[in-house]
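# Structural overview for review
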Amino acid sequence: MLKFAIKEQNILNPIYNFAKTKKVKLYLVGGALRDLILGRSRENPDFDFCLKSGALKFGEKLAGLLHCAFIVLDQENATCRLVKKIDQKIYTFDFSDFRASTLEKDLLHRDFTVNSMAVNLEDIFGGQDLGPLIIDPYGGRVDLKSKIIKVTGESSFKEDPLRILRAFSFGCMLGFGLDKKTLSLAKKEKAKISAVSGERIREELFKILDSAMTYNCLVSLDKLKILEIIFPEIKPMRKIGQGPHHHLDVWQHTLETLNQFESVVKEAKKTPAVFDYLQEEIAGLRKRTSLLKLACILHDVGKPKALRYEKKKIIFHGHERIGLGLTREISRRLKLSNEENRHLGRIVLWHLRPGYLAANPHPTARAIFRYFRDTGSDALAVLLLSLADQRATKGPKTSAFSRLRHEQTVKTLIRKLLKQQEEKKPERFLTGFDLMKKFKLPASPLIGKLLSELEEAQAIGKIKNKLQAYQLAAKIIKSRK
C-alpha cells in the first residue's frame, strides 16, 4: 500500500486544513510523490504544491499561520517557497499556479515524467492506498520502474535550459539513465545553457558532484559538449600532450584524476577522521567532497596558458598560479561563497607540493612544517587530490618506484597530520608583546614574521625553551638590519 508516513501527514495536515478553510483545491506534485513511490527518504524534505490560481497570496498567508520564512521564487509565474525547521530538519514547501488551464496541461510543463505526477492533497489523509489515486498522465510510474529520465514534453528544455543539467543531476541522484529522445533534445538545445544564471548552474552542478556517479555523469556531459559550455576553459585543455610522464592529454588526465578521486573517497571510509573531514559542509549544504571533485576538474586548468617548449620538452611552469587565477574567475561565475573560493583556490595553488615532497626520499621536518602551514585547513584535501592526480599519471617515464614513493609519502603525511590534530598544539614560547617589550620594537609586520619563524623553529625542534626563542629572535632581528 502506497501512503505517506504519519509524521509526514502531521506535517502536511496544517497546510491541508488551511487550504480547506480557504476553499482551495491543492495538489501535491513532483518529487515527494516520486520519492514515495521509490521509498526514498531525503535529508531535507521538500514538498511541491500547485493550485489553479493565487499561489503567492495563499503562500504568504500560510507562512504567517505556520510562522515560517516566505520567499517569492518567481513573481511572473506565481511561485513561492515556505521554509520551516521541524525536528532539526529543514522542510521546504513550494506553491505555484497552474501554468495551463487544467492540472493535466500544467503537468505537461513540468520537467520530467517522473516529476509530472500529482495527487489531491485531501487524498493523502485517511489511510487509503494512494496508488490508484495518483494522477499520472505521462507515464511517470512506468519510467520510475524502468529507471529512465524522460522529458515530459518536447518543449521542456526550451522552457528552461537548466533542465538539461537537471536531467543529469536526477540521473546521478536516482541512478537512472536518460532516454534517447531526452539526450537528443539536450544536444539540440545545449547552447541555451549559456543564458542560465551562475547560481542555478551551481546548484545542479553540485548535485552531480555530490553523487557517487560524478565521473560517469561528467563523461556523458563531456561527450555531448555540454560541460564546456559551463566551463569554456576545458576546450583549450583538449589534445594538449604532457610529455613522457603522462599517458593522457591534459583534459583526459583531468577526467581520470576525478575518476581516481572517487576511488580515494571510497578508501577514506576506512579512516573515520578522513571521511568526516570530507563530509564537512563548507557552504550551505555543499560538502568538502563535492568541492574537491571540482578541484579535480580545475587542478590543471592553467596548463594551456602555461605551455612552453624547452629543448623540445613540454613544460607547464607556473600552471598552478595561472590555475589559481582561472579558478577565482570560475568561482565568481558560479557564485561560490568566499569560503568555497578560498578553499578551492588554495587546493589548486598547492596541488603540486605533495609531489615535490615525495621527490625527496626523506622530506625535512622544515619542508613538512611549511607544507602544513601553507595549506592550512586544506592540507588533507591537497594530499587526497595529489593521490588521485598521481594515480592518473601512468606515462612510460613514470616508474612504479616513483609512484609507490609518492603514495607512501602522501599516506605518511596524512597519518602525521591526523596525529597532530589529535594532539594539543603547544603554546608559543613568546608572544608578540614579549618581542616588542624585550627588543623595544613597535607593532609592525616584523612582529608577525618573527612569530612565524619562531613557530617553525619550535615545531621542528630547533628551539626548546623561552631563552632559545629570545636568542633566535635576536639573530633574526640583527640579520634584518
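The sections below set out a description of the structure shown in this document. (Residues numbered from 1 in each chain as written. Predicted model: local features only at pLDDT ≥ 70, side-chain atom pairs only at ≥ 80, totals over all residues. Heavy atoms only, no water.)

Next up on the list: the side chain of Asp-35. Structurally, Asp-35 is set in helix H2 (residues 31–38). Each residue touching Asp-35, except ones within four places of it in the same chain, is listed here: Arg-40 and Arg-42. (Helix = DSSP H or I, 4+ residues; strand = E, 2+ residues; numbered from the N terminus. Contact = heavy atoms within 4.5 Å.)

Here we come to the sheet that holds strand E3 (residues 69–74). Strand-to-strand pairing in sheets goes through backbone hydrogen bonds, with the strands running parallel or antiparallel. Read across the open sheet, the six strands follow the order E3-E4-E5-E2-E1-E6; overall the sheet is mixed. Strands with a single pairing partner mark the edges of an open sheet, and in this sheet they are E3 and strand E6 (118–120). Averaged over all pairs of adjacent strands, the angle between strand axes in this sheet comes to 30 degrees, irrespective of strand direction. For strand E4 (residues 79–86) and strand E5 (residues 89–97), the ladder comprises eight bridges, and the chain directions are antiparallel. Across the sheet, Val-83 pairs through a bridge with Thr-92, a residue of E5. (Pairing = 2+ DSSP bridges. Axes fitted to C-alpha atoms, helices over the stretch in contact; angles between N-to-C directions.)

This next bit is on the pairing of E5. With seven of nine residues buried, E5 is to be regarded as a mostly interior element. Relative to E5, strand E2 (residues 46–51) is paired through six bridges, and the arrangement is parallel. What sits directly across from Asp-46, in E5, is Thr-92. Between E4 and E5, which pair antiparallel and follow one another directly, the connecting turn spans two residues, one of which, Asp-87, has a positive phi of 50 degrees. (Buried < 20%, exposed > 50% of the residue type's maximum accessible area, 1.4 Å probe, protein only.)

Leave glycine aside and you will find that most residues have negative phi; peptide bonds, for their part, are mostly trans. In the Ramachandran plot, Ala-78 falls in the positive-phi region, its phi being about 50 degrees despite a non-glycine side chain. The backbone phi angle of Lys-147 is positive, close to 60 degrees, even though this residue is not glycine. Topologically, Lys-147 is positioned in the loop between helix H5 (140–146) and strand E7 (148–149).

A few words on the packing of helix H22 (residues 432–439) against helix H24 (residues 466–480). Where H22 contacts H24, the two axes come as close as 11 Å, and the packing angle between them is 65 degrees. The hand of the H22/H24 crossing is right-handed. From H22, Asp-434, Leu-435, Lys-438 and Phe-439 reach across to H24, where they touch Lys-466, Tyr-470, Ala-473, Ala-474 and Ile-477. Of the residues contributing to the contact of H22 with H24, the split by class is six nonpolar, no polar and three charged. (Left-handed = near helix turned anticlockwise from the far one by under 90°. Nonpolar A, V, L, I, M, F, W, Y, C, P; charged D, E, K, R; others polar.)

Here the focus is the nonpolar core. The biggest cluster of nonpolar side chains holds 120 residues, and the ones touching the most others in it are Ile-15, Phe-49, Phe-93 and Phe-95. In terms of residue count, the dominant contributor to this core is helix H20 (residues 379–391) (nine residues). The next biggest cluster of nonpolar side chains, apart from the first, holds 14 residues, and it includes Leu-450, Leu-454, Ala-469 and Ile-477. (Core = buried A, V, L, I, M, F, W, Y, C linked by side-chain atoms within 4.5 Å.)

Looking now at the state of the cysteines. If you walk through the whole model with that rule in mind, you get zero disulfides. Among the cysteines around Cys-296, which has no disulfide bond, Cys-217 carries the closest sulfur, lying 15 Å off. On the basis of relative accessible area, Cys-296 is assigned to the buried category, the value being 0%. (Disulfide = S-S within 2.5 Å.)

With that settled, the discussion passes to the environment of Val-114. Counting through the fold element by element, Val-114 comes out in the loop between helix H4 (103–108) and E6. Given the relative accessible area of 0%, Val-114 is considered buried. With 80 residues separating them along the chain, Val-114 and Arg-34 place their C-alpha atoms 6.3 Å apart. Other than its neighbours up to four places away in sequence, Val-114 contacts Arg-34, Gly-140, Asp-143, Leu-144, Ile-148 and Ile-149.

This paragraph deals with the packing of aromatic side chains. Counting across every chain of the model gives 10 aromatic pairs. Look at Phe-112 and Phe-170: their rings are 5.9 Å apart centre to centre, the planes differ by 80 degrees, and that puts the pair in the edge-to-face class. On the criterion of sequence distance, the pair formed by Phe-112 in the loop between H4 and E6 and Phe-170 in helix H7 (residues 162–174) is long-range, its members being 58 residues apart. When sorted by exposure, Phe-112 lands in the same class as Phe-170, which is buried. (Phe/Tyr/Trp six-rings, centres within 6.5 Å; stacked < 30°, edge-to-face > 60°.)

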